[in-house]
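Examination of the molecular architecture
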Amino acid sequence: MPDLVRICLESELPREGEVCEMAGGRLCVARVGGEIAVLDNVCPHDEGPLGQGMIEDGRVVCPYHGWAFDVKTGAALHDPEAKAHIYESVVKDGELWVRPPDRSS
Ligand code: FES
């Protein structure tokens, strides 16, 4: 399993109810209910940039066609089989750390 990778300072994270892009546009970082969630920035519908979307009812909403994704499971509201990838992440020592995908298998 790959090691955690440092993404940014805690002070750079979005505020409650906001979403942004990180890691050169590869990640979508959201703060919902006081928790940080890290999703793949590429929407599974048609590759919209989730980090340019918004938070609505606790979900990340894609700016292209409005699909809404649960920040814990990545499941789309209208179709739980359609999922945005969720990355394991932790905020520690004032920094956000994310585990990249395991490409070894
Ligand atoms: S590209 Fe995201 S909803 Fe269509």
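Attention here is on the structure that accompanies the text. Just so it is clear, the model here is predicted, and its values are computed rather than measured.

What follows is about the pattern of salt bridges. Counted according to the given criterion, the structure contains three salt bridges. One salt bridge in this structure joins Glu95 and Arg6, with 2.7 Å as the shortest N-O distance. Placement of Glu95 in strand 10 (residues 95-98) and of Arg6 in strand 1 (residues 5-9) is noted, with a sequence separation of 89 residues between them. We classify Arg6 as partly exposed; its relative accessible area is 38%. With a shortest N-O distance of 3.3 Å, Glu18 and Arg15 are connected by a salt bridge.

Here the focus is the packing of aromatic side chains. Taken as a whole and judged by the stated rule, the model has one aromatic pair. Residues Trp67 and Phe69 carry aromatic rings whose centres are separated by 6.4 Å and whose planes lie at 45° to one another, so their mutual orientation is tilted. Between Lys92 and the ring centre of Trp97, over which it is positioned, the NZ or CZ distance is 5.4 Å.

All right, on to the environment of Val61 then. You can see Val61 is positioned in strand 6 (residues 59-61). The spacing of Val61 and Leu50 is 11 residues in sequence and 6.9 Å in space, taken between C-alpha atoms. In contact with Val61, other than residues within four places in its own chain, are Gly53, Met54, Glu56, Gly66, Trp67 and Ala68.

A separate point is the sheet that holds strand 2 (residues 19-22). The strand order across the open sheet built from four strands is 2-3-4-8, with neighbouring strands paired in antiparallel fashion. In this open sheet, the two edge strands, each paired with only one partner strand, are strand 2 and strand 8 (86-87). Sheet analysis places strand 2 next to strand 3 (residues 27-32), joined by four bridges and oriented antiparallel. Across the sheet, residue Glu21 finds its bridge partner in strand 3, namely Cys28.

Of all hydrophobic cores here, the largest spans 16 residues; its most connected members are Val19, Cys28, Leu39, Leu50, Ile55, Val60 and Phe69. The element that contributes the greatest number of residues to this core is strand 3, accounting for three residues. With residues up to four places along the chain from it excluded, the contact list for Val19 reads Pro14, Cys28, Val29, Ala30, Leu50, Gly51, Gly53, Met54, Ile55 and Val60. If you look at the next biggest cluster of nonpolar residues, it comprises 12 residues, including Cys8, Cys20, Ile36 and Tyr87.

Its location among the elements puts Arg99 in the segment after strand 10. A polar side-chain atom of Arg99 sits 2.7 Å from the main-chain carbonyl oxygen of Pro2. With near-sequence residues (within four places) excluded, Arg99 lies in contact with Met1, Pro2, Asp3, Leu4, Tyr87 and Glu88.

Positive phi, close to 65°, is recorded for Glu47, a residue that is not glycine. Mapped onto the elements, Glu47 comes out in the loop between strand 4 (35-40) and strand 5 (54-56). The phi angle at Asp57 is positive, at roughly 50°, despite the residue not being glycine. Mapped onto the elements of the fold, Asp57 is located in the loop between strand 5 and strand 6. A relative accessible area of 71% means that Asp57 is categorised as exposed.

Calculation rules
Residues numbered from 1 in each chain as written. Predicted model: local features only at pLDDT ≥ 70, side-chain atom pairs only at ≥ 80, totals over all residues. Heavy atoms only, no water. Salt bridge = Lys/Arg side-chain N within 4 Å of Asp/Glu carboxyl O. Helix = DSSP H or I, 4+ residues; strand = E, 2+ residues; numbered from the N terminus. Buried < 20%, exposed > 50% of the residue type's maximum accessible area, 1.4 Å probe, protein only. Phe/Tyr/Trp six-rings, centres within 6.5 Å; stacked < 30°, edge-to-face > 60°. Lys NZ or Arg CZ within 6 Å of the ring centre and 35° of its normal. Contact = heavy atoms within 4.5 Å. Pairing = 2+ DSSP bridges. Core = buried A, V, L, I, M, F, W, Y, C linked by side-chain atoms within 4.5 Å. Polar contact = N/O pair within 3.5 Å; in protein donor to acceptor, adjacent residues only side chain to side chain.

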